[in-house]
Amino acid sequence: MRRLVVLASGRGSNLQALLDAIDAGTLDAQVVGVFSDRINAHALERVPVSLRWSRDAKAYAQRADFDAELADAIDAVRPDWIVCAGYLRLLDAAFVARFRGRLLNIHPSLLPAYRGLKTHARALADGVAEHGASVHFVSPELDAGAVVAQARVPVREGDTPDALAARVLAAEHPLLVAVVKLAVAGRIAEAGDTVQLDGQPLLAPLTVESADLACMAPPTK
Ligand code: GRF
């Protein structure tokens with residue numbers, strides 16, 4: 001069974017979506033560790049104590065020191081895939097290089113739009129009709145790696161950043177589960193700045209529906 005590590009800084013609802021899919025038998029994987037840069041991250045409480053690792057990243061003088069300790073701790077649990085799910089800290093280049101190709105992140109925007117923080121407020125300020133979420137391979141540049149799949153969400157009249165964030169979050173959960181299913185099945189790979197699905201370059205990101213369909217219809221070869 002494929003071994004998942006999840007990195008989270010806060011609430012952990014995306015982690016919970018993965019745990020629920022595993023419990024339901026729809027995601028053939030096991031979570032072998034939840035790692036956080038915040039000692040009290042609620043996400044940690046979603047798994048048994050033995051699977052929790054947290055340090056206060058702010059207590060480290062150098063970013064590289066924290067990331068190296070984090071990377072060593074992750075390596076120790078021998079993950080196949082590392083999923084950043086609400087991990088609100090930049091990973092340094094050495095960390096990304098060490099795990100490149102098996103490092104995924106979920107970001108609340110239709111990348112390449114709105115990299116970084118406060119994506120919902122920025123989308124509303126721009127008056128866009130559609131917002132959403134992306135799951136992408138992590139590259140050294142912030143929120144810039146190859147996008148595997150996206151979920152599109154309509155912006156509604158009178159939306160506040162919180163209302164829009166809640167609608168996007170509801171779309172994030174099935175999106176993340178669908179992509180992790182493809183990952184653990186060995187169906188996706190990072191190839192430079194593109195994604196390969198079943199060995200073929202993906203010309204555009206999958207949608208939740210197409211990612212689900214791909215999960216349901218593995219190649220016959
Ligand atoms: C999600 O919107 C995720 O896309 C973003 O941070 C939020 C984390 O939510 N990076 P949760 O901790 O998974 O509930």
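Procedures and definitions
- Residues numbered from 1 in each chain as written.
- Predicted model: local features only at pLDDT ≥ 70, side-chain atom pairs only at ≥ 80, totals over all residues.
- Heavy atoms only, no water.
- Near = heavy atom within 4 Å.
- Polar contact = N/O pair within 3.5 Å; in protein donor to acceptor, adjacent residues only side chain to side chain.
- Areas by Shrake-Rupley, 256 points an atom, 1.4 Å probe, with all protein chains shown as cover.
- Helix = DSSP H or I, 4+ residues; strand = E, 2+ residues; numbered from the N terminus.
- Salt bridge = Lys/Arg side-chain N within 4 Å of Asp/Glu carboxyl O.
- Buried < 20%, exposed > 50% of the residue type's maximum accessible area, 1.4 Å probe, protein only.
- Pairing = 2+ DSSP bridges.

1. With respect to the site of the ligand
Moving on, step 1. Contacts to the ligand come from Arg11, Gly12, Ser13, Asn14, Gly86, Ile106, Pro108, Leu169 and Glu172.
Moving on, step 2. A distance of 2.6 Å separates an oxygen atom of the ligand from a polar atom in the side chain of Arg11.
Moving on, step 3. At a separation of 2.6 Å, an oxygen atom of the ligand approaches a polar side-chain atom of Ser13.
Moving on, step 4. Within the complex, the protein chains bury 87% of what would otherwise be the 370 Å² of accessible surface of the ligand.
Moving on, step 5. If you list the elements that add at least two residues to the shell around the ligand, you get helix 1 (13-23) and helix 5 (161-184).

2. Digging into the pattern of salt bridges
Between side chains of opposite charge, a pair can form as their charged atoms come close.
Moving on, step 1. Applying the stated criterion to the full structure yields 10 salt bridges.
Moving on, step 2. A salt bridge links Arg98 to Asp72; the nearest nitrogen and oxygen atoms lie 2.8 Å apart. Remark: Asp72 occurs in helix 2 (residues 63-76) and Arg98 occurs in helix 3 (residues 93-99); sequence separation between them is 26 residues.
Moving on, step 3. Taking relative accessible area as the criterion, Arg98 reaches 36% and is therefore assigned partly exposed.

3. Thoughts on the sheet that holds strand 9 (residues 194-197)
Moving on, step 1. Spatial ordering of the open sheet is given by 8-9-10, a layout of 3 strands whose pairing is antiparallel. Of all the strands in the sheet, just strand 8 (188-191) and strand 10 (200-201) have a single pairing partner and so form its edges.
Moving on, step 2. In this sheet, strand 10 lies alongside strand 9 in antiparallel orientation, the contact comprising 2 bridges. In the strand pairing of strand 10, Gln196 is matched with Pro201.

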